[in-house]
Amino acid sequence: VLPNPIVNISSNATSVNTGEGIQFGVGNSNASNYLWDFGDGGTANFSIPYYEFLFSGAYYVTLTGSIGNCSTVDTLLVYVGVVGSEDWFENKLQVYPNPTTDRVTLDVPHEQAYNLIIYNSKGQLVGRYSNKVGAVSVSMSAYKTGMYYFEVQIGNERSFKVVSKQ
């Protein structure tokens, strides 16, 4: 009988700009095998990965460490993206409920028409809504469980929100 491994995520940052990377590590973990899930569809199976996040949002990074058939999981919340002057509407976008099992509402408090583009965790286009104003209700019932990226485009401005479908 093997003991449960000790697993502790370490990182050089928990908040980065979009496109910047984070150096992750296993801290004082004693597992013999590691599996990383970066919360955006990316994975790694070695102990010290460097990972770049492509979209703004909050991601739960999980590390599963195992010894034989025994495993333990640790989770770290990482924030990606910053709000600059060009991202004036980012803080006002609301997505609810999030996580969702069926419908999700995107509320854009802006009087201009916008486009909503939905990507899956692999970056593949899975939905598009054009020339919307205000709130839009999106049915997620046909989508698989996982993370989705809602891109809102107003003119040359764009912003991303992460939606979790359960």
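Since the model is a prediction, treat every value here as computed from it, not as a measurement.

**Student:** Sorry if this is basic, but what is going on with the sheet that holds strand β2 (residues 15-16) here?
**Tutor:** Within a sheet, neighbouring strands are paired by backbone hydrogen bonds and run either parallel or antiparallel to one another. Pairing in this open sheet of five strands is mixed, and the strands run β2-β8-β7-β4-β5 from one edge to the other. Looking along the sheet, the strands with just one partner apiece sit at the ends: β2 and β5 (43-44). Judged from the five bridges that link them, strand β4 (residues 33-37) and strand β7 (residues 57-67) form a sheet pairing that is antiparallel. Residue N33 lies in a different strand from β7, and its bridge partner there is S66.

**Student:** Whenever I open this one, the nonpolar core confuses me. Can you help?
**Tutor:** For soluble globular proteins, the rule of thumb is that nonpolar side chains tend to be buried together. Within the largest apolar cluster, 25 residues are counted, with the highest numbers of intra-cluster contacts made by F24, W36, F38, F53 and V78. Elements with a contribution of two residues or more to this core: β3 (21-25), β4, β7, β8 (70-80), β11 (114-120) and β15 (157-165). In terms of nonpolar packing, the next biggest core, distinct from the first, is built from 17 residues, V95, L106, Y114 and L116 among them.

**Student:** Looking at this model, I keep getting lost on the confidence of the model for the protein. Mind explaining?
**Tutor:** The share of residues in the protein with pLDDT of 70 or more is 92%, and the mean pLDDT across the chain is 85. When the criterion is pLDDT under 50, residues 83-88 qualifies, and its contacts beyond four places in sequence or with other chains add up to eight contacts.

**Student:** Even after reading the chapter, I still don't get the packing of aromatic side chains, so can you show me in this structure?
**Tutor:** The geometry of two aromatic rings is summed up by the distance between their centres and the angle between their planes. Applying the stated criterion across every chain, the model contains ten aromatic pairs. Between F24 and W36, the ring centres sit 5.5 Å apart and the planes meet at 45°, which makes this aromatic pair tilted. Separated by twelve residues along the polypeptide, F24 in strand β3 and W36 in strand β4 bring together distant segments of the chain. For the pair W36 and F38, a centre-to-centre distance of 6.1 Å together with 5° between the ring planes defines the contact as stacked. Using a relative accessible area of 1% as the deciding quantity, one classes F38 as buried. Ring pairing ties together the aromatic residues F24, W36, F38, Y51, F53, F55, Y59, Y119 and Y149, which thus form one cluster.

**Student:** I keep staring at the side chain of S66 and nothing clicks. Help me out?
**Tutor:** Considering the arrangement of structural elements, one finds S66 in strand β7. Not counting residues within four places of it along the chain, the set of residues in contact with S66 comprises P5, A31, S32, N33 and S71.

The rules we used
- Residues numbered from 1 in each chain as written.
- Predicted model: local features only at pLDDT ≥ 70, side-chain atom pairs only at ≥ 80, totals over all residues.
- Heavy atoms only, no water.
- Pairing = 2+ DSSP bridges.
- Helix = DSSP H or I, 4+ residues; strand = E, 2+ residues; numbered from the N terminus.
- Core = buried A, V, L, I, M, F, W, Y, C linked by side-chain atoms within 4.5 Å.
- Buried < 20%, exposed > 50% of the residue type's maximum accessible area, 1.4 Å probe, protein only.
- pLDDT = per-residue confidence, 0-100.
- Contact = heavy atoms within 4.5 Å.
- Phe/Tyr/Trp six-rings, centres within 6.5 Å; stacked < 30°, edge-to-face > 60°.

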